[in-house]
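Residue-level listing of the chains:
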Amino acid sequence: MADMESAHHSEQIKTNLKSRLNRIEGQVRAINRMIDDDVYCDDVLTQIRATRSALNSVATKLLDHHMKGCIMEKINDGAQEEAMDELLVTFQKLIKDNFPIMMSGRVLQAIGAGILMPLGSNVIVTIFPPEKRGVAMGTMGIAMILAPAIGPTLSGYIVQNYDWNVMFYGMFFIGIIAIVIGLFWFKLYQSTTNPKADIPGIIYSTIGFGSLLYGFSEAGNKGWGSTEIVTMFIVGTVFIIFFILRELRMKAPMLSLEVLKYPTYTLTTVINMIVMMSLYGGMILLPLYLQNLRGFSALDSGLLLLPGALVMGALGPVAGKLLDTIGIKPLAIFGIGIMTYATWELSKLNMDTTYLHIMWIYIVRSFGMAFVMMPIMTAGMNALPPRLISHGNAFVNTMRQLAGSIGTAILVTVMTTQQTNHLSAFSEELDKTNPVIQDHMRELAQQYGGESAAMKLLLEHVNKLASVEGVNDAFIVATIISAIALILSLFLQGKKKAQLSAEKANAEDYPSQQDK
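Residues numbered from 1 in each chain as written. Predicted model: local features only at pLDDT ≥ 70, side-chain atom pairs only at ≥ 80, totals over all residues. Heavy atoms only, no water.

(A) Up close: the overall build of the protein. Counting its regular elements, the protein contains 17 helices and zero strands. A separation of at least 24 residues holds for 78% of the contacts in the protein among residues at least 6 apart in sequence. Within the structure as shown, the protein displays about 29800 Å² of accessible surface, and the carbon and sulfur contribution to it stands at 65%. (Helix = DSSP H or I, 4+ residues; strand = E, 2+ residues; numbered from the N terminus. Contact = heavy atoms within 4.5 Å. Areas by Shrake-Rupley, 256 points an atom, 1.4 Å probe, with all protein chains shown as cover.)

(B) Spotlight on the pattern of salt bridges. In the structure shown here, the tally under the stated rule is three salt bridges. Here Glu 258 ties to Lys 261 by a salt bridge, and the two come within 3.5 Å at their closest N and O atoms. Glu 345 is paired through a salt bridge with Lys 348; the nearest N and O atoms lie 3.2 Å apart. Residue classification places Lys 348 among the partly exposed residues on the basis of a relative accessible area of 46%. Linked by salt bridges that have partners in common, Glu 258, Lys 261 and Arg 387 make up one network. (Salt bridge = Lys/Arg side-chain N within 4 Å of Asp/Glu carboxyl O. Buried < 20%, exposed > 50% of the residue type's maximum accessible area, 1.4 Å probe, protein only.)

(C) Representation of the environment of Leu 304. Mapped onto the fold, Leu 304 is located in helix α10 (residues 298-326). Residue Leu 304 is classed as buried on the basis of its relative accessible area, which comes to 0%. Along the primary structure Leu 304 and Ile 363 are separated by 59 residues, whereas in three dimensions their C-alpha atoms are 9.1 Å apart. When neighbours within four sequence positions are excluded, Leu 304 is seen to be in contact with Leu 286, Leu 290, Tyr 355, Ile 358, Met 359 and Tyr 362.

(D) Seen up close, the packing of helix α9 (residues 263-293) against α10. Across the interface, α9 lies against α10 with an axial gap of 9 Å and an inter-helix angle of 140°. Here α10 runs oblique to α9, going by the angle between their axes. Remark: the crossing between α9 and α10 carries right-handed chirality. Facing Leu 286, Pro 287, Leu 290 and Gln 291 of α9, the residues of α10 in contact are Ala 298, Ser 301, Leu 304 and Leu 305. Broken down by class, the residue content of the contact of α9 with α10 amounts to six nonpolar, two polar and no charged. (Axes fitted to C-alpha atoms, helices over the stretch in contact; angles between N-to-C directions. Parallel < 35°, antiparallel > 145°, perpendicular 65-115°, else oblique. Left-handed = near helix turned anticlockwise from the far one by under 90°. Nonpolar A, V, L, I, M, F, W, Y, C, P; charged D, E, K, R; others polar.)

(E) Molecular detail of the side chain of Asn 393. Note that Asn 393 resides in helix α14 (residues 389-429). Note on Asn 393: relative accessible area 0%, which makes it buried.

(F) How the structure looks around the packing of aromatic side chains. Enumeration over the complete set of coordinates arrives at nine aromatic pairs. Seen from their ring centres, Tyr 204 and Phe 239 are 6.1 Å apart, and the 50° between their planes marks the pair as tilted. In this pair, Tyr 204 sits in helix α7 (residues 199-222) while Phe 239 sits in helix α8 (residues 227-249), placing the two residues 35 residues apart along the sequence. The exposure class of Tyr 204 is partly exposed, given its relative accessible area of 26%. Ring geometry for Phe 334 against Phe 367: centres 6.2 Å apart, planes inclined by 80°, an arrangement best described as edge-to-face. (Phe/Tyr/Trp six-rings, centres within 6.5 Å; stacked < 30°, edge-to-face > 60°.)

(G) Structural detail: a nonpolar patch on the surface. Residues Tyr 157, Tyr 162, Val 166, Tyr 169, Phe 172, Phe 173, Ile 176, Ile 179, Val 180, Leu 183 and Phe 184 make up a contiguous nonpolar surface patch of roughly 1200 Å² in combined accessible area. The element contributing the most residues to the nonpolar patch is helix α6 (residues 165-185), with nine residues. Residue position: Val 180 is located in helix α6. Exposure remark for Val 180: the relative accessible area of 40% places this residue in the partly exposed category. (Patch = residues over 30% accessible without salt bridge, like charges linked within 9 Å, V, L, I, M, F, W, Y side chains within 5 Å.)

(H) Here's a closer look at the nonpolar core. With 59 residues, the main nonpolar core has Tyr 265, Ile 271, Val 275 and Ile 336 as its most contacted residues. When residues no more than four places from it in sequence are discounted, the contact partners of Ile 336 are Ile 271, Val 275, Val 372, Ser 482, Ala 485, Leu 486 and Ser 489. Counting 24 residues, the second-largest nonpolar core is a separate cluster that includes Leu 304, Met 359, Tyr 362 and Ala 474. (Core = buried A, V, L, I, M, F, W, Y, C linked by side-chain atoms within 4.5 Å.)

(I) The arrangement of the packing of α10 against helix α13 (residues 373-382) in detail. Relative to each other, α10 and α13 sit at 35°, their axes nearing to 8 Å. Of the two possible hands of crossing, α10 and α13 adopt the one that is right-handed. For the pair α10 and α13, contact is made by Met 312, Ala 319 and Leu 323 and by Met 373, Pro 375, Thr 378 and Ala 379, respectively. Of the residues that constitute the contact of α10 with α13, the class distribution is six nonpolar, one polar and no charged.

(J) Molecular detail of the side chain of Ser 347. Of note, Ser 347 is situated in the loop between α11 (328-345) and α12 (355-370). Of note is the side chain of Ser 347, whose polar atom sits 2.4 Å from the backbone oxygen of Trp 344. With residues up to four places along the chain from it excluded, the contact list for Ser 347 reads Asn 472, Phe 475 and Ile 476. (Polar contact = N/O pair within 3.5 Å; in protein donor to acceptor, adjacent residues only side chain to side chain.)

(K) Here's a closer look at α13. Buried residues dominate α13, accounting for 10 of its 10 residues. Burial in α13 covers these residues: Met 373, Met 374, Pro 375, Ile 376, Met 377, Thr 378, Ala 379, Gly 380, Met 381 and Asn 382.

(L) Spatial organisation of the environment of Leu 465. Considering the arrangement of structural elements, one finds Leu 465 in helix α16 (residues 451-489). Classification of Leu 465 by relative accessible area gives partly exposed; the value is 31%. A sequence separation of 172 residues divides Leu 465 from Leu 293, and the C-alpha atoms of the two residues are 8.8 Å apart.

(M) Just the confidence of the model for the protein, in detail. Chain-level statistics for the protein give a pLDDT mean of 75 and a share of 69% at 70 or above. Looking over the protein, one finds the lowest element-wise mean pLDDT in helix α3 (residues 80-96), namely 47, and the highest in α11, namely 93. Of the regions scoring below 50 in pLDDT, residues 62-91 engages in 23 contacts with residues more than four places distant in sequence or in other chains. (pLDDT = per-residue confidence, 0-100.)

Set out below in structure tokens:
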């Protein structure tokens, strides 16, 4: 009797699921008809969201039914191994398109990277004397620069040829290899102070900087005046103020803001932030132009950025050696000058700009950045007394990330705003009463089978032109940002003066440390 009721219940579930799937199939057909009829995009998105919600509901029911009906049956039959495989496959399907789980994983990745990057810099700065830090930091920069460059190329290939989940499988095994190498090969030991964790400070800084990063990252998409973005800015600002006030009052602060008393460090940090604003914005704009407007694949976009990154990585130790030899000022002026020129060249894109031409410009831009990225950070560290180097490293890394988000938000906003302005200007020029326009429309209508098809083609072309002009305007703003960094680099100290300032800072700091 119980078996009959169970079978009847199972059939009811199957019937219910089939009914839901039939409705989803109908929704998909409706979406196709809406797209064919050029229905307004918001209506299409609403229908897609409804379909996605229905699919999630079906997936949950399938999971529940599959686990109870299939997994438990296998366990009862003694097929534990097969049941575990079935459970893993089901779990994989569950998390595959689950955004909260994916987001949680990315947050965990970011926590690890947020610890590892400043830690690596701290180790280098601690074990190398100031006159050798340039080469050491430049060598470490090979990994810091090459990894983000190889990533887009590799991910573009994976997305184009395999399931996107393969990227995360690969990262998992790379992480395991890194842990093993660290355990058996990394044998550096140093004295520790065992400081107490500042829990309120951690909470304030996490909420504050996290809110600002999110706000700037999404401002370009959701609008600077949207309620969500404004709320993030307010929350971020309030908690950062709480964090600053707490750190200023503590005897042993988690992040000592005393680093800002040293002019060379403060100036190099500001220049570093401005360079990052231009760099991150360019890394976002070029793929948008290549993929959305020119029709290149994700792999092609990644391959275009790869040679420039290889140049930056290869020149890292060279730039570091030059820093140790001639100081930061000539390097910064030279590197930022080239970067500014190349960014200006990227503001001249059109629908016929060749792939190789863009690649060469990006290589030149990367060549200039190679003389700025790691050297400017190292010069800032060299200006600090030893006890503040870890604080300075943490501060500059935080500011670099924040600046990257700000730069991306500003340039994306400029692009979208100017795209709308250019589209309006182009639309006004498309006056159907103009005899020239009428002649072109008749030619297109004859060629493409009617005035409606001709007008649709013309509007698509105008949209692309407006988008390209929006990208160019964003690169003009990026050029201005780079020019500001170039002007600031003129105020950097020469090598001898920087060394004297560092020695003076160490001498002044030594008595205060002896008193403690």
